[in-house]
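# Secondary and tertiary structure notes
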Amino acid sequence: MRIARFSIDGNVAFGAVEGDKQDELVLDIIKGIPFADYELSGTKVPLSKVRLLPPVLPNKVVAFGRNYADHARELGNEVPEAPFAFFKPSTSVIGPGDDIQYPSFTRELHHEAELAVVIGRMCREVPRERVRDVILGYTCANDVTARDVQKREKQWARAKGFDTSCPLGPWVETDLDLARANDLTVQLTVNGEQRQLGRTSEMIHPIEDLIVNISEAMTLLPGDVVLTGTPAGVGPLNVGDEVAVTIEGIGTLTNKVVKRG
């Protein structure tokens, strides 16, 4: 099931996305929330009539860096032996179609296409064999980064945590099993030109390792998001660019870069 979060006539709801052709997609409005018992209402609205929002509002976004060897090397970094985590605040999250605002404090804004894991239940110290039980589904992410600030300041709070630096969407795909999620094509285009292309099977640490690693340290809550790293090919974004992340079996997340007003 593809679960979207959307607004219509000032109201916010979740809905199940139905259909195959983009111009014929409809939303069956969900009664309840996807993190608890819910049912489909049977009330359907065309996707074209709503505004898609970030598919979840995470309490926290846990991101893992340098999880693709080629990406680590392209920036001159060593490949870490253990998963390497950092955080993006909830205020960094935007949805499909929302603008990425180019911050005034950077001159080198980069894109990073990533598979995002959405947590479905409260969990802590998750054993490897139980990881699939705590995942609601998967969505597309763009870990937008102020690269010059990242290099200059060493720690990454401002470089990766600024407002609009975490586009998510367009929806959460719940029907992917864990084995499949660990072998998906991830690609990114800027103005229609392909910049990144990789597979999640190239990750140094698969999804299970990432969930085990972070849940050893902290409680994950329903709706929390885990970013799994980006393949090689990261590069600059400029004002006016349209950037699209497409992940096999999930969909496409598209955002435009604008000057921060």
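Whatever comes next refers back to the structure up there.
Quick caveat: nothing in here was measured; it's all calculated off a predicted structure. (Residues numbered from 1 in each chain as written. Predicted model: local features only at pLDDT ≥ 70, side-chain atom pairs only at ≥ 80, totals over all residues. Heavy atoms only, no water.)

### Regarding the environment of R73
- Note that R73 resides in helix α1 (residues 69-74).
- Between the C-alpha atoms of R73 and I250, which are 177 residues apart in sequence, the distance is 28 Å. (Helix = DSSP H or I, 4+ residues; strand = E, 2+ residues; numbered from the N terminus.)

### Examining the pairing of strand β16 (residues 193-199)
- Sheet analysis places strand β15 (residues 185-190) next to β16, joined by six bridges and oriented antiparallel. In the sheet register, T189 faces β16, and the bridge partner there is Q194.
- Where β15 hands over to β16, the hairpin turn is made up of two residues, of which N191 adopts a positive phi near 55°. (Pairing = 2+ DSSP bridges.)

### Details of the state of the cysteines
- Considering all chains together, one arrives at zero disulfides under this definition.
- C123 takes part in no disulfide bond, and the closest cysteine sulfur to it belongs to C166, at a distance of 18 Å.
- No disulfide involves C140; its nearest neighbouring cysteine sulfur is the one of C166, lying 12 Å away.
- Among the residues examined, C140 registers a relative accessible area of 0% and is labelled buried. (Disulfide = S-S within 2.5 Å. Buried < 20%, exposed > 50% of the residue type's maximum accessible area, 1.4 Å probe, protein only.)

### Some remarks on the sheet that holds strand β9 (residues 99-102)
- Overall, mixed pairing links the five strands, which are arranged β9-β20-β19-β15-β16 in an open sheet. With one partner strand each, in any of the chains shown, β9 and β16 form the two edges of the open sheet. In this sheet, neighbouring strand axes are inclined to one another by 20° on average, regardless of whether the strands run parallel or antiparallel. (Axes fitted to C-alpha atoms, helices over the stretch in contact; angles between N-to-C directions.)

### Section: the side chain of N182
- On the secondary structure map, N182 appears in the loop between α4 (178-181) and β15.
- Assessed through its relative accessible area of 13%, N182 is described here as buried.
- Here the side chain of N182 touches I207 through a polar contact of 3.2 Å, landing on its backbone nitrogen.
- Excluding residues that lie within four positions of it along the chain, N182 makes contacts with T200, S201, M203, P206, I207 and E208. (Polar contact = N/O pair within 3.5 Å; in protein donor to acceptor, adjacent residues only side chain to side chain. Contact = heavy atoms within 4.5 Å.)

### Remarks on the sheet that holds strand β10 (residues 109-111)
- Here three strands make up an open sheet; going across it, the order is β13-β10-β18 and the pairing antiparallel. Looking at which strands have only one partner, the edges of the open sheet turn out to be β13 (145-146) and β18 (235-236).
- Pairing geometry for β10 and β13, over two bridges, is antiparallel. Across the sheet, residue H110 finds its bridge partner in β13, namely T145.

### Quick look at the pattern of salt bridges
- In total, this model carries 16 salt bridges according to the counting rule given.
- The salt bridge involving E125 is made with R124; its shortest N-O contact spans 3.8 Å.
- Here E125 falls in the exposed class, since its relative accessible area comes to 52%.
- The partner of D143 in a salt bridge is K160, with the nearest N and O atoms 2.7 Å apart. With D143 in the loop between β12 (135-142) and β13 and K160 in helix α3 (residues 157-161), this residue pair connects regions lying 17 residues apart in the sequence. Pair check on accessibility: D143 and K160 agree, each one buried.
- In the salt-bridge network here, residues are joined through shared partners; they are K88, E112, D143, R147 and K160. (Salt bridge = Lys/Arg side-chain N within 4 Å of Asp/Glu carboxyl O.)

### Some thoughts on the packing of aromatic side chains
- Counted under the stated rule, the structure contains three aromatic pairs.
- For the pair F86 and W156, a centre-to-centre distance of 5.0 Å together with 70° between the ring planes defines the contact as edge-to-face. With F86 in strand β7 (residues 84-88) and W156 in the loop between α2 (147-153) and α3, this residue pair connects regions lying 70 residues apart in the sequence. In this structure, F86 and W156 share a single accessibility class: buried.
- With a centroid separation of 6.1 Å and an interplanar angle of 80°, the aromatic rings of F105 and F162 are classed as edge-to-face. (Phe/Tyr/Trp six-rings, centres within 6.5 Å; stacked < 30°, edge-to-face > 60°.)

As far as function goes, none of this settles anything; it's purely spatial.
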